[in-house]
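Spelled out, the chains give:
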Amino acid sequence: MTNLDLWLRPWALIDGAARPKTYRVLEPNAGTVVVSGFAPLLITDAPNGPLIDGKRGTSLHLGQVDTTRSAWSIPFPLKTSKPTVLIVGDRRVELVWRGLPDAPSAVDMGEGAEPHPGLPLMNRVKQVWTRLREVEDVLNDPATLWDRLARLWLSGETDSRPRMDEIVRQARELPPVLEQLDKAPRRILRRVHKPMPLSRVQELDRRSMMWLVRQPGETIAEQAGDRQRILGVAREENFNTLENRVLHAYARLARQIAADYVPPRARSALRSRERRVKDLGTGCRHLATDLTQLGVGEAQPDVTPNFVVLNNTNYHSVWEAWQRLLARERVFDDLWRWQVRSWEEFCALAVMVAVQRISGVELVALSPLTFRAEQDRGRWLEHLNPLGVLHLTTEGIIVEVAYGYPTQLTSAGGRLPNPLLSPLRLR
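Keep in mind it's a predicted model, so treat the numbers as computed, not measured.

Draft legend 1. Spatial organisation of the packing of aromatic side chains. Tallied over the entire structure, the rule returns 7 aromatic pairs. Ring geometry for Phe-76 and Trp-97: centres 5.6 Å apart, planes at 80°, overall edge-to-face. Here Phe-76, found in the loop between strand 7 (70-73) and strand 8 (84-88), pairs with Trp-97, found in strand 9 (residues 91-98); they are 21 residues apart in sequence, far enough to count as distant. As far as the burial class goes, Phe-76 and Trp-97 line up, both buried. Residues Trp-153 and Phe-346 carry aromatic rings whose centres are separated by 5.3 Å and whose planes lie at 45° to one another, so their mutual orientation is tilted.

Next comes the structure, spelled out in structure tokens:
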């Protein structure tokens, strides 16, 4: 029988619930486990780790607990309406999440949306993400990295200035394109059959002729009847093309993201980036309204682009911008799933900043830092442990700031410790 335990990380509380136990053994007959207000670690002797909702590779291997067992991190689900099914070796366990809201989407966070229960938690995820990205701004000078990061964070500059985002870049580049497409969206002429006055009939096809010969009368005037109408071929404008559906989908998504980006403040208080984004959101709202009135639907995210989308300059620009916004939403989904690891990383950096501000501190050693081009399951930084070694001369101690999970998680005596691994080690 596969050995299966849960370690609970109470510092990752979600709903402010009471501190749970930090260790739990899952009995062989345990089929359902309630996960309430904490982030679990799965401890098992299964060599390949857990299979989560039928998918391999979803969890993250952290390290060895002892000679036979390993620790695996389980991501948060985007939706909690269904339990998370874990298959570990010959064990099947369902995790029922309580206290964790569903991840809000751009629709839930857009202008006019009802308050979503997951919005406060998503805002915290974004705030941590914004703080971590500020590290990239100070990496150009490793000698002053931590001093500059301390000034940046402690001055509140990160909170006061509008953050750079994909929607900001699009607010600079796309308004002329969107305005041009709004004025003259591409249309096609569709052939339709409908009763028409004799004076306006310009084209008859086989279907029209078959209809006409079945009407009573010897002349066309007699066959047209009292209303003098026959079935003719008309050409009607149709705007519901794939390229316009892509344009409509982009306008909806961009408007929602713009509403989420701009804070609820007076227009006079907005900065230049925010004004650009706000104007983009207003333009996209008008564009979406116009396309709706023309009967244009919305494209699905997995749609295959047609010839016009790939070769028309304006529509191709919209297509690429839409794909970047969709990728942005996928980043937020990943940050939601791995928010515990982002929080760990931020806490370690915050400890490093705080320790350096202690009076009489001397820097002994620092690890080189590299900012990832893309986050890796909630982590943005590559570094060596410890992150830094500092000497507190007044206290007479050496402080090592480190985070992550070492190869061995158990103590020398073999006891299972609390899995809260502090980013601070004292010697």
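Draft legend 2. Molecular detail of the pairing of strand 9. What you see with strand 9 is a clean split: Arg-91, Val-93, Leu-95 and Trp-97 sit on the buried side and Arg-92, Glu-94, Val-96 and Arg-98 on the side with no burial. Pairing analysis gives 5 bridges linking strand 3 (residues 32-36) to strand 9, with the strands arranged parallel. Within strand 9, the position partnered with Val-33 by the bridge is Leu-95. Pairing geometry for strand 8 and strand 9, over 5 bridges, is antiparallel. Directly across from Val-85, in strand 9, lies its bridge partner Glu-94. The hairpin formed by strand 8 and strand 9 contains 2 residues between the paired strands, and Gly-89 there has a positive phi angle of roughly 60°.

Draft legend 3. Spotlight on the side chain of Thr-84. Counting through the fold element by element, Thr-84 comes out in strand 8. For Thr-84, a relative accessible area of 6% puts it in the buried group. Here the side chain of Thr-84 touches Trp-97 through a polar contact of 2.8 Å, side chain to side chain. Sequence-distant contacts of Thr-84, defined by excluding residues within four places in its chain, comprise Ile-52, Asp-53, Pro-77, Val-93, Glu-94, Leu-95 and Trp-97.

Draft legend 4. Fine view of the pattern of salt bridges. Overall, the coordinates contain 13 salt bridges when judged by the stated rule. The closest approach of N and O atoms between Arg-169 and Glu-166, which form a salt bridge, is 3.8 Å. Residue Arg-169 and its partner Glu-166 are located together in helix 5 (residues 166-173), separated by 3 residues, close to a single helical turn. Residue class for Arg-169 comes out partly exposed when judged on its relative accessible area of 39%. We note a salt bridge from Arg-252 to Glu-298, for which the minimum N-O separation is 3.4 Å. Of this pair, Arg-252 sits in helix 9 (residues 242-261) while Glu-298 sits in the loop between helix 10 (272-293) and helix 11 (307-311), placing them 46 residues apart in sequence. For Arg-252, a relative accessible area of 26% gives the class partly exposed. Salt bridges sharing partners connect three or more residues here, namely Glu-166, Arg-169 and Arg-324.

Rules of the game
- Residues numbered from 1 in each chain as written.
- Predicted model: local features only at pLDDT ≥ 70, side-chain atom pairs only at ≥ 80, totals over all residues.
- Heavy atoms only, no water.
- Phe/Tyr/Trp six-rings, centres within 6.5 Å; stacked < 30°, edge-to-face > 60°.
- Helix = DSSP H or I, 4+ residues; strand = E, 2+ residues; numbered from the N terminus.
- Buried < 20%, exposed > 50% of the residue type's maximum accessible area, 1.4 Å probe, protein only.
- Pairing = 2+ DSSP bridges.
- Polar contact = N/O pair within 3.5 Å; in protein donor to acceptor, adjacent residues only side chain to side chain.
- Contact = heavy atoms within 4.5 Å.
- Salt bridge = Lys/Arg side-chain N within 4 Å of Asp/Glu carboxyl O.

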